[in-house]
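Descriptive analysis of the structure
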Amino acid sequence: MLEIIKKFFGLIDVGKSNYLDTTHIIIASIVTIFTIFLGVFLGIKNKNKDEKEKTKLILPFAIAMWTLLVLRFTMVVFREYYKGGDGLLELVKYNLPLFLCDIQYFALIAICFSKGKAKKIGLDFCLCLGILSFIMGVWLNAGTFGGHPWWSSCYFYEVAVHAIPGGISIYILASKLTSLKFKDIWKTLVVLFVFEVIALIFDYTMDSNYMFFKNDAGTPFSLFTGWANGNTPLYSFFVWLGMTFYVCLYYGIWELVSFLVKKKRNQ
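1. Points about the overall build of the protein
- Assigned secondary structure in the protein consists of 12 helices and zero strands.
- N-terminal to C-terminal, the α/β element order of the protein is α-α-α-α-α-α-α-α-α-α-α-α.
- Relative to a compact globule of 267 residues, whose C-alpha radius of gyration would be 18 Å, the protein shows 19 Å and is just as compact.
- Overall, the protein is about 65 × 45 × 35 Å in size when its C-alpha atoms are taken along their principal axes.
- Burial analysis of the protein (267 residues in total) assigns 43% to the buried set.
- Residue pairs in contact within the protein that sit at least 24 positions apart in sequence constitute 71% of those at least 6 positions apart.
- Carbon and sulfur atoms provide 71% of the accessible area of the protein, an area that totals close to 14200 Å².
- Taking the average place of the 26 positive charges on the side chains of the protein and the average place of its 18 negative ones, the gap between the two points comes to 13 Å.

So, in structure tokens, the structure goes:
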């Protein structure tokens, strides 16, 4: 029993990979179906309400994500001190919310507690990056799912904080809370660029790996590892280019689909 508790909190290493095995696929499938259903159901249910009422529904999920983050911080510090390491150093070097998916934490704050342009930027960012965060975190997170039992706290945390933004993105879309406009793409890119710069500063001064700018760590960025052929700055550039390309592609597809739908309605 004691060993199970230690594995749950990450106090001892497991070393058994369950990445994309039967358990992972079952859990990811259940989470995916539930997330899509909840996002669509709540979105359609609240579609005819005003913006303020639609936004209220997002607040509990934003609180849940930040609560999980604080609990994660606490566990990281405790775990490292338990192992005889420096918990605060571990927290700063590897666990700050400076990954691509983590920008959702701040986007949700903007959505729930701001108005006007700041709120619109938060909505746009969540709509653009939420689905990607969901896919990367629930299905393609080899770093987490490859070294933790499916019932561990780390596994639960990673699934939850990546599924929530995905569900919110679907909710925003289904409730028609906002709509992307290609002319606003620069705002999303500026926010992304600011976080990228901060991540790069930590990565190259503290040997961190925020946004996976230093190494792919089992993510799909492994494609860029091969292209860079050991050149870390070049690999970092490819990662930056890949994230920028994704945003441009997402906005471009959205604009194209919106144009075709509008054209069909006018016929």
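2. Focus: helix α9 (residues 153–175)
- For α9, spanning 23 residues, the distance from its first C-alpha to its last is 32 Å, which sits close to the expected 33 Å at 1.5 Å a residue.
- A large share of α9 lies buried, amounting to 21 of its 23 residues.
- Positive backbone phi, at 55°, marks Lys176, one or two positions downstream of α9.

3. Side note on unusual backbone geometry
- Here the phi dihedral of Asp207 falls at roughly 55°; this positive angle occurs in a residue that is not glycine.
- Looking at the element boundaries, Asp207 is found in the loop between α10 (185–206) and α11 (222–228).

4. What about a nonpolar patch on the surface?
- On the surface, Phe193, Val197, Ile201, Leu234, Phe237, Trp240 and Leu241 cluster together into a nonpolar patch covering about 590 Å² of accessible area.
- For the nonpolar patch, the elements supplying multiple residues, two or more each, are α10 and α12 (232–266).
- Among the elements that make up the nonpolar patch, the one with the highest residue count is α12 (four residues).
- Mapped onto the fold, Phe237 is located in helix α12.

5. Digging into the nonpolar core
- Grouped together as the largest cluster of nonpolar side chains are 47 residues, with contacts concentrated most on Ile58, Leu108, Ile172 and Met243.
- For this core, the secondary structure elements donating two or more residues are α4 (59–82), α6 (103–113), α7 (116–138), α9, α10, α11 and α12.
- If we skip the residues at most four places from it in the chain, Met243 touches Leu100, Leu192, Glu196, Met211, Phe213 and Phe221.
- Formed by eight residues, the second largest nonpolar core is a distinct cluster that contains Val138, Phe145, Val159 and Ala163.

6. Regarding α10
- When the terminal C-alpha atoms of α10 are compared, their 31 Å separation across 22 residues agrees well with the 32 Å that a helix rising 1.5 Å per residue should span.
- For α10, the set of buried residues is Ile185, Thr188, Leu192, Phe195, Glu196, Ala199 and Asp203. Viewed end-on, α10 has its buried residues packed into an arc of 115°, placing them on one side of the element. Opposite the buried face of α10, by more than 90 degrees, sit the exposed residues Trp186 and Thr205.
- Immediately downstream of α10, the backbone of Asp207 shows phi near 55°, a positive value.

7. A look at the pattern of salt bridges
- Taken as a whole and assessed by the stated rule, the structure comprises eight salt bridges.
- Close ionic contact of Glu53 with Lys56 constitutes a salt bridge, the shortest N to O distance being 3.3 Å. A residue pair is termed a helical-turn pair when its members lie 3 or 4 positions apart in one helix, as Glu53 and Lys56 do in helix α3 (residues 51–56) at three residues.
- Relative accessible area serves as the criterion here: at 32%, Glu53 is assigned to the partly exposed category.
- It is possible to trace a salt-bridge network through shared partners that takes in Arg79, Glu80 and Glu90.

Parameters at a glance
- Residues numbered from 1 in each chain as written.
- Predicted model: local features only at pLDDT ≥ 70, side-chain atom pairs only at ≥ 80, totals over all residues.
- Heavy atoms only, no water.
- Helix = DSSP H or I, 4+ residues; strand = E, 2+ residues; numbered from the N terminus.
- Rg over C-alpha atoms; globule rule 2.2 N^0.38 Å.
- Buried < 20%, exposed > 50% of the residue type's maximum accessible area, 1.4 Å probe, protein only.
- Contact = heavy atoms within 4.5 Å.
- Areas by Shrake-Rupley, 256 points an atom, 1.4 Å probe, with all protein chains shown as cover.
- Lys, Arg positive; Asp, Glu negative; His and termini not counted.
- Charge placed at Lys NZ, Arg CZ, Asp CG, Glu CD.
- Expected span 1.5 Å × (residues − 1).
- Patch = residues over 30% accessible without salt bridge, like charges linked within 9 Å, V, L, I, M, F, W, Y side chains within 5 Å.
- Salt bridge = Lys/Arg side-chain N within 4 Å of Asp/Glu carboxyl O.
- Core = buried A, V, L, I, M, F, W, Y, C linked by side-chain atoms within 4.5 Å.
- Arc of directions from axis to C-beta.

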